[in-house]
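Descriptive structure summary
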Amino acid sequence: MFLQKSKKKNILVIAGLFLSGLVGAGFGSGREIFVYFASLGPMGIVGFIFSCVLLGLASVRILTIVRGGHFAHIGQVTAFVAKGKLGKLFTGTILSFAFIGYVAMLSGVRDVLQPVFPAVRRRFPILFGLCTCGVVAAFSLIAFNRNFPAFARVCAVVTPVIIFCVAVVAITAAFTAPAENVAGTVPFPKIATLILKSCLYTGYNLLFLLGVLGRAGGLEADAREIQKGSMLGAGLFLAAGACIFVGLSIISPDVASGNMPLPAVIGGLGVVPGRIFSCVLAFAMLLCAACNLGAVGSVFGKKVLAGPLFAVLGIPVSYIGFDRVISVIYPVFGFVGILFLLALAQTRRKIV
């Protein structure tokens, strides 16, 4: 059971879960916003707004389904949304994508913590990598093996703080980094690209949302609380993303197109601000990693070895590189996410 006695707490829990699934290495570092939106100019913000609206509405529908069926496993949700081979396709895709998301968080934590422990990273690179990945894996396993409502309550408190810190850092970057001129028009080919990127961004982030919200069947919230919580989460996500967009549109293109633009800008202001923000991002990634590993484990149900096996397997796989995951692998899953969004829209005809 969740916090059914307090409507305000239910709303915060829903918003916290929403943010925990989306605010990870790519979003918090600014890399995702640049790749999908800011790189296309001022019109890119329209695409991001469109994505946030769709994700908020999808959150409402997913939570309505899991609450009605008291679902706690991702496979139960996909079986409700689609039958037969299509449902199996969704389940397999979510399993694969959740694992890749977990891998991305391992790689991201390793990257953002380099400025925090520069001497260790320089002298003992292998030990540094194993320790950072080990912490993420251990935290994810603890969160996975403990009860889900406790994790949800942690997200309700922590994720709004993280999203606020990211927004403040993005605005700070806009005012402190050397300004650049931003193009005022977007030609038709870029508009077509923006539509495609917005859809792909929405698609794969929907899979992230399903990974965490699909296990919230014990949430005793009414329809109004689900709507308010989902809209609050989407609103906070939109506000922080808009701040990141503005910051990336102003700073130097060389910095904005980097692997982790926001940490790079804040790190340039001093050692202490850089290390503090790195720790904030690392904690956001810990929560996101736990969400993804939990999604993987939920697909396997009571097979207790599945979680530890995937947790350990993700460590060597994480060396594929953070930027490659964000820019290449994520969009591939976006197509399946779009298909799932269409199938999800059709569930209004079903009785939950």
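Keep in mind that this is a model prediction, so the values were computed, not measured.

Moving on to the overall build of the protein chain. Regarding its fold elements, the protein chain presents 16 helices and 0 strands. The proportion of buried residues among the 352 residues of the protein chain is 54%. Put simply, 88% of the contacts in the protein chain that link residues at least 6 apart link residues at least 24 apart. Of the roughly 14900 Å² that the protein chain leaves accessible, carbon and sulfur atoms contribute 71%.

A probe matching the size of a water molecule, rolled over the atoms, marks out where space remains unfilled. According to the stated counting rule, one finds 3 cavities of 30 Å³ or more in the structure shown. Here the largest cavity defines a volume of roughly 60 Å³. Lining the largest cavity are 13 residues, with L22, G26, E32, M105 and F208 sitting closest to its centre. Elements supplying a minimum of two residues to the lining of the largest cavity: α1 (7-22), α2 (25-29), α10 (188-213) and α16 (322-345). With 3 residues, the single largest contributor to the lining of the largest cavity is α2. Each residue belonging to the lining of the largest cavity can be placed in one class, and the counts come to 8 nonpolar, 4 polar and 1 charged.

Glancing now at helix α14 (residues 271-300). Between its first and last C-alpha atoms α14 spans 43 Å; for 30 residues at 1.5 Å apiece the expected length is 44 Å, and the two agree. Taken across its 30 residues, α14 has 21 buried, putting it largely inside the fold.

This next bit is on the packing of helix α4 (residues 44-69) against helix α11 (residues 223-250). Contact geometry of α4 with α11 gives a least axis separation of 9 Å together with a crossing angle of 155°. Between α4 and α11, the angle is such that the two are roughly antiparallel. As α4 runs across α11, the sense of the crossing is right-handed. Residues G44, I45, F48, I49, C52, G56, L57, S59, V60, L63, T64 and R67 of α4 pack against A223, I226, Q227, S230, M231, A234, F237, L238, G241, A242 and F245 of α11. Among the residues making up the contact of α4 with α11, the classes are represented as 15 nonpolar, 7 polar and 1 charged.

Before going further, it helps to examine the side chain of R215. Structurally, R215 can be placed in the loop between α10 and α11. Within the structure, R215 has its side chain in polar contact with the backbone oxygen of G211 (distance 3.2 Å). Reaching out from R215, the side chain makes a polar contact with the backbone oxygen of C291 at a distance of 3.4 Å. If near-sequence neighbours (up to four positions away) are discounted, R215 is found in contact with F71, A72, I74, F148, A290, C291, G294, A295 and S298.

On to the nonpolar core. Residues F27, I33, Y102, Y201, F237 and Y330 are the most contacted members of the largest nonpolar core, which totals 117 residues. With residues up to four places along the chain from it excluded, the contact list for F237 reads F18, L19, L22, V23, F27, F48, C52, I163 and Y201.

Across the protein chain, the average pLDDT comes to 83, with 89% of residues at 70 or higher. Segment residues 181-186 is flagged for pLDDT under 50; beyond a separation of four residues in sequence, or across chains, it makes 6 contacts in the model.

Here the focus is the packing of helix α9 (residues 148-176) against α11. Two elements in contact, α9 and α11, have axes separated by 8 Å at closest approach and are oriented at 20°. As judged from the angle between their axes, α9 and α11 are roughly parallel. Pair α9 / α11 crosses with left-handed handedness. Where α9 abuts α11, its residues I163, V166, A167, A170, I171 and A174 lie against L236, F237, A240, C243, I244, G247 and I250.

The next point concerns α9. Count 3.6 residues to each turn of an α-helix, and residues three or four apart come out pointing the same way. Across its 29 residues, α9 extends 41 Å between first and last C-alpha, which sits within 8% of the 42 Å expected from 1.5 Å per residue. Along α9, the helix axis deviates most sharply at V158, where the bend reaches about 30°; the proline P160 sits within four residues downstream.

As a further point, take the side chain of T159. With respect to the element layout, T159 can be found in helix α9. Assessed through its relative accessible area of 6%, T159 is described here as buried. Excluding residues within four positions of it along the chain, T159 makes contact with G16, L19, S20 and L287.

A few words on the packing of aromatic side chains. For the coordinates displayed, the defined rule picks out 18 aromatic pairs. Judged by centre distance (6.4 Å) and plane angle (75°), the ring pair of F18 and F237 falls under edge-to-face. In this pair, F18 sits in helix α1 while F237 sits in helix α11, placing the two residues 219 residues apart along the sequence. Residue class for F18 comes out buried when judged on its relative accessible area of 0%. The exposure class of F237 is buried, given its relative accessible area of 0%. Grouping aromatic residues by their ring pairs yields a cluster made of F18, F27, Y36, F37, F48, F97, Y201, Y204, F208, F237 and F333. Above the ring of Y319, the side-chain terminus of R110 is found at 3.8 Å from the ring centroid.

Criteria and thresholds
- Residues numbered from 1 in each chain as written.
- Predicted model: local features only at pLDDT ≥ 70, side-chain atom pairs only at ≥ 80, totals over all residues.
- Heavy atoms only, no water.
- Helix = DSSP H or I, 4+ residues; strand = E, 2+ residues; numbered from the N terminus.
- Buried < 20%, exposed > 50% of the residue type's maximum accessible area, 1.4 Å probe, protein only.
- Contact = heavy atoms within 4.5 Å.
- Areas by Shrake-Rupley, 256 points an atom, 1.4 Å probe, with all protein chains shown as cover.
- 1 Å grid on protein atoms, 1.4 Å probe; cavity = no way out; pocket = protein on both sides within 12 Å on 5 of 7 lines; lining within 4 Å.
- Points joined across faces, edges and corners; volume = space filled by probe spheres on them.
- Nonpolar A, V, L, I, M, F, W, Y, C, P; charged D, E, K, R; others polar.
- Expected span 1.5 Å × (residues − 1).
- Axes fitted to C-alpha atoms, helices over the stretch in contact; angles between N-to-C directions.
- Parallel < 35°, antiparallel > 145°, perpendicular 65-115°, else oblique.
- Left-handed = near helix turned anticlockwise from the far one by under 90°.
- Polar contact = N/O pair within 3.5 Å; in protein donor to acceptor, adjacent residues only side chain to side chain.
- Core = buried A, V, L, I, M, F, W, Y, C linked by side-chain atoms within 4.5 Å.
- pLDDT = per-residue confidence, 0-100.
- Bend = angle between axes of the 7 residues up to and from the residue.
- Phe/Tyr/Trp six-rings, centres within 6.5 Å; stacked < 30°, edge-to-face > 60°.
- Lys NZ or Arg CZ within 6 Å of the ring centre and 35° of its normal.

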